[in-house]
Amino acid sequence: MNHSLEVKNLHVSIDGQAILKGFNLTVPKGEVHALMGPNGTGKSTLAKVMAGHEDYTVESGEVLLDGVNILGQEPDEISHAGLFLAFQYPMEIPGVSIANFIRAAKQARLPEGEEINAIEYYKDLYAKMDALKMDRKFTARSLNEGFSGGEKKRCEILQMAMLDPKYCVMDETDSGLDIDALRIVSEGVNHMRSEDRAFLVITHYQRLLDYIVPDVVHVMFDGRIVHSGDKELAKELEIKGYDWVKEAFATASA
Amino acid sequence: MNTTLETPTNTLSAKEPSWLAERRTAGLDQFKKLAMPTARAEEWRFASVGKLSIDNFNPVAAPSSATLDALTERSNLVSDRAGLMVYVDDAPANFECIGPELAKQGVIYLPISEAVEQHPELMEKYFLQESTELGSQKFFGLHAATVKAGAVLYVPKGVEIEKPFVNYYWTSGSRAAVFPHTLIIAEDNSKASVVDIFFSETEENEALNISVSNIHAGANAHVFRKVVQDWNEKTVSFQLDTTVADRDAQVKNVAVNIGAERARFENQTRIEGAGADVKMYSLTVAEGTQEFDQRTFQTHNAPNAVSDLLYKNALLDNSRTIFSGLIKVAEGSQQTDAYQTNRNLLLDPSADANALPGLEILANDVRCSHGATTGNVDKEELFYMMQRGIPQRVAMQLMVFGFFEEVIEKIDSEELVENLRQLIHQKFSGKIS
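Residues numbered from 1 in each chain as written. Chains lettered and ligands numbered in written order. Predicted model: local features only at pLDDT ≥ 70, side-chain atom pairs only at ≥ 80, totals over all residues.

**Some remarks on helix 1 (residues 43–50) of chain A**
Burial within helix 1 of chain A is extensive, with seven of its eight residues counted as buried. Along helix 1 of chain A, the residues classified as buried are Lys43, Thr45, Leu46, Ala47, Lys48, Val49 and Met50 of chain A. (Buried ≥ 20, exposed ≤ 12 C-beta atoms within 10 Å, placed from the backbone. Helix = DSSP H or I, 4+ residues; strand = E, 2+ residues; numbered from the N terminus.)

**Concerning the sheet that holds strand 5 (residues 68–69) of chain A**
Residue and element names in this part refer to chain A. Spatially, the four strands line up as an open sheet ordered 2-1-4-5, and their pairing is antiparallel. The sheet terminates laterally at strand 2 (17–28) and strand 5, the two strands that pair on one side only. Across two bridges, the pairing between strand 4 (residues 57–65) and strand 5 is antiparallel. Bridge pairing links Leu64 to Asn69 in strand 5. Each of strand 1 (4–14), strand 2 and strand 4 is contacted by helix 1, which is oriented at about 70° to strand 2, the strand it contacts most. (Pairing = 2+ DSSP bridges. Contact = placed C-beta atoms within 7 Å. Axes fitted to C-alpha atoms, helices over the stretch in contact; angles between N-to-C directions.)

**Here we look at the nonpolar core**
With 197 residues, the main nonpolar core has Leu83 and Val169 of chain A together with Tyr87 and Leu153 of chain B as its most contacted residues. Per-element accounting of this core gives the leading share, eight residues, to helix 9 (residues 392–408) of chain B. Apart from the residues within four sequence positions on either side, Leu153 of chain B is in contact with Tyr109, Phe165, Ile184, Ile185, Ala192 and Val194 of chain B. (Core = buried A, V, L, I, M, F, W, Y, C linked by C-beta atoms within 7 Å.)

**Observations regarding the packing of helix 9 of chain B against helix 10 (residues 414–428) of chain B**
All names here are of chain B. Between helix 9 and helix 10, the shortest axis-to-axis distance is 12 Å and the interhelical angle comes to 145°. The element helix 9 and its partner helix 10 pack so that their crossing is right-handed. On the side of helix 9, the interface is formed by Gln397, Phe404 and Ile408, while helix 10 contributes Val417, Leu420, Arg421, Ile424 and Phe428. Residues of the contact of helix 9 with helix 10, tallied by class, amount to six nonpolar, one polar and one charged. (Left-handed = near helix turned anticlockwise from the far one by under 90°. Nonpolar A, V, L, I, M, F, W, Y, C, P; charged D, E, K, R; others polar.)

**Focus: the sheet that holds strand 6 (residues 83–86) of chain A**
As a general point, the strands of a sheet are linked pairwise by backbone hydrogen bonds and lie either parallel or antiparallel. Residues and elements named next belong to chain A. Read from one edge to the other, the open sheet built from six strands follows the order 6-9-10-3-11-12, with strand pairing classed as mixed. Since the sheet does not close on itself, it has two edges, and those belong to strand 6 and strand 12 (224–229), each with one partner. Sheet twist, expressed as the mean angle between neighbouring strand axes with direction ignored, is 20°. Where strand 3 (residues 32–36) lies against strand 10 (residues 198–203), five bridges are found, and the strand directions are parallel. The partner of Ala34 across the bridge, within strand 10, is Val201. Along the sheet, helix 8 (residues 231–240) contacts strand 3, strand 11 (216–221) and strand 12; its crossing angle with strand 11, the most-contacted strand, is approximately 45°.

**Let's talk about the confidence of the model for chain B**
Per-chain confidence: chain B averages 93 in pLDDT, with 96% of residues scoring 70 or above. With pTM at 0.84, the complex prediction returns an ipTM value of 0.96. (pLDDT = per-residue confidence, 0-100.)

**Section: the interface of chain A and chain B**
Counting from both sides, the interface comprises 21 residues of chain A and, opposite them, 20 residues of chain B. At the level of secondary structure, the elements contributing two or more residues to the side of chain A that touches chain B comprise helix 2 (75–81), strand 7 (93–97), helix 3 (98–107) and helix 5 (149–163) of chain A. The residue inventory of the side of chain A that touches chain B, partitioned by class, reads 13 nonpolar, five polar and three charged.

**Here's the deal with unusual backbone geometry**
A negative phi angle is the norm for most residues apart from glycine, just as the trans form is the norm for most peptide bonds. Even without being a glycine, Asp15 of chain A presents a positive backbone phi close to 50°. Exposure remark for Asp15 of chain A: the 8 C-beta atoms within 10 Å place this residue in the exposed category. With phi around 70°, Asp90 of chain B is a residue other than glycine that occupies positive phi space. Locating Asp90 of chain B in the fold gives a position in the loop between strand 1 (83–88) and strand 2 (91–96). C-beta crowding within 10 Å serves as the criterion here: with 24 such atoms nearby, Asp90 of chain B is assigned to the buried category.

Below you can see the structure in the form of structure tokens.
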């Protein structure tokens with residue numbers, strides 16, 4: 001069996017406009033890959049397409065989890081297959097508490113007729129909240145409603161930790177975070193790094209990668225990866241800026 | 001119109017006092033004089049009045065004692081209570097009276113018939129004195145002429161009662177017409193809580209309900225009324241409710257509406273004392289071809305008072321809701337805070353929500369807002385939830401319940417809240433896919 005997240009020659013459009021233009025990527029379990037690139041280059045589209053968002057049209061290509069194509073599956077099926085997407089802008093769901101939300105997500109993973117063990121569940125939930133320095137009172141609050149940017153992102157990491165996915169895609173998790181929140185969120189992610197899990201960290205800024213140190217850095221431009229390297233590449237990008245990417249690869253992709 | 005409804009044979013008792021006989025006669029005259037509503041009338045705009053037939057419903061004989069016992073057994077939404085009354089087709093089925101402590105303090109909790117006999121002055125002052133002005137005057141007239149079932153709660157000055165009084169109004173017989181009445185009089189500085197529950201024995205027994213409830217909240221009185229309407233879908237229902245709030249009174253109304261084929265709500269709040277604070281929350285779940293027609297009127301006749309109305313409706317299938325609300329701030333009622341919000345969640349494209357919010361302000365220093373929103377389930381919220389592995393059906397249920405929670409959480413009894421969630425859950429199971 002192939003233990004990786006694999007994107008093969010993915011072409012995606014929305015309203016007739018091509019966004020991903022032959023995107024290829026392989027993230028093996030045990031590794032953290034960063035995907036960087038200028039705004040509007042297709043990073044968030046990639047994340048949403050992998051998660052099964054219905055607004056996008058897949059023209060061709062595959063997204064394989066452990067060798068199985070997930071494109072065309074419903075978002076909940078993709079989630080069950082092991083892919084977790086930490087949202088750039090987590091939705092606010094009025095009237096649905098964090099505890100009930102995560103519980104419903106855990107319950108959905110159990111076989112028909114089996115009930116979640118509430119005591120174990122809360123024990124686990126509280127332990128993970130403590131680790132993320134989240135007030136336990138948050139469990140009763142409506143999901144993300146009125147949360148600060150940092151609280152929302154912590155809540156995303158909490159969900160990720162609770163659902164124990166094999167493949168974590170993190171879309172601009174650093175956006176809107178101050179340095180303290182960034183540290184806490186990164187600790188949460190680093191704690192989850194393991195041989196059985198792969199991370200794709202999408203970010204615009206190098207800053208996050210000081211805390212979540214990647215094995216591989218990819219540079220995305222105009223719908224595909226144009227350059228890959230080790231963690232030093234992120235630093236190089238930080239110095240040279242994205243204009244360098246545009247200049248270096250605009251001609252290549254034209 | 002059948003003859004039975006036109007001849008009020010159901011007098012409360014042989015000893016019915018003259019003032020009550022007069023009110024009954026006046027009610028009957030009003031019922032006869034006024035025409036059935038037409039769609040042309042502004043008060044009935046958008047309502048399917050053509051289908052609003054009250055023909056061939058009649059007051060029915062008391063059900064068998066087995067039925068009374070069975071329904072008393074099922075009257076179990078609230079176990080921790082100060083008193084209980086159960087009526088079936090307007091016949092008394094069970095009465096748990098107040099304990100000696102409350103009786104000693106002068107609290108009265110009695111069936112209407114007994115209250116008329118034992119406390120005629122009180123009843124003459126308050127009973128059938130507040131009528132709707134929102135379109136159902138004809139039906140109020142019929143109620144006044146016919147009413148025999150219901151509960152009177154009187155809380156004297158300074159007496160505070162934490163536990164609720166629970167009134168059940170069941171229908172059971174074939175094409176039964178019922179006229180339940182809840183009268184709440186909370187004197188100055190008192191505190192009371194009432195739960196009114198409207199249920200049908202089966203899914204099949206057709207019924208007509210014309211109920212009235214009047215709240216009189218004295219100075220600094222605290223009144224909390226919760227209403228659960230879960231008639232079967234063969235019931236035509238009118239709930240004609242009023243609240244009168246005196247100085248600094250705090251009144252909270254929370255209604256959960258699930259049942260009936262056609263349900264008309266007229267809810268009037270009149271603020272008569274400075275500093276009063278009245279809240280009106282309503283949650284409606286409509287399915288099939290149900291129609292819920294809600295008319296509200298908040299009147300501020302005194303300054304520095306608050307009235308806050310939030311009506312939320314979730315609509316499935318081909319159901320309909322109508323919300324029409326009016327806020328009227330009288331001249332001199334300065335520093336008024338009056339709010340009115342109607343939110344409709346459309347879960348099927350064929351469902352139909354209508355909203356008519358309105359304001360009439362004659363004072364110049366007020367804060368008033370009114371608004372109505374109608375929308376579908378948010379696709380991005382659904383995607384977010386499904387990304388966590390929650391199936392679409394469950395995600396929809398969670399979102400709809402989240403929509404309800406804003407109203408449900410206003411209810412202070414955890415037991416009642418849980419029971420209401422169950423009732424709504426039953427209605428939803430298998431509905432959202």
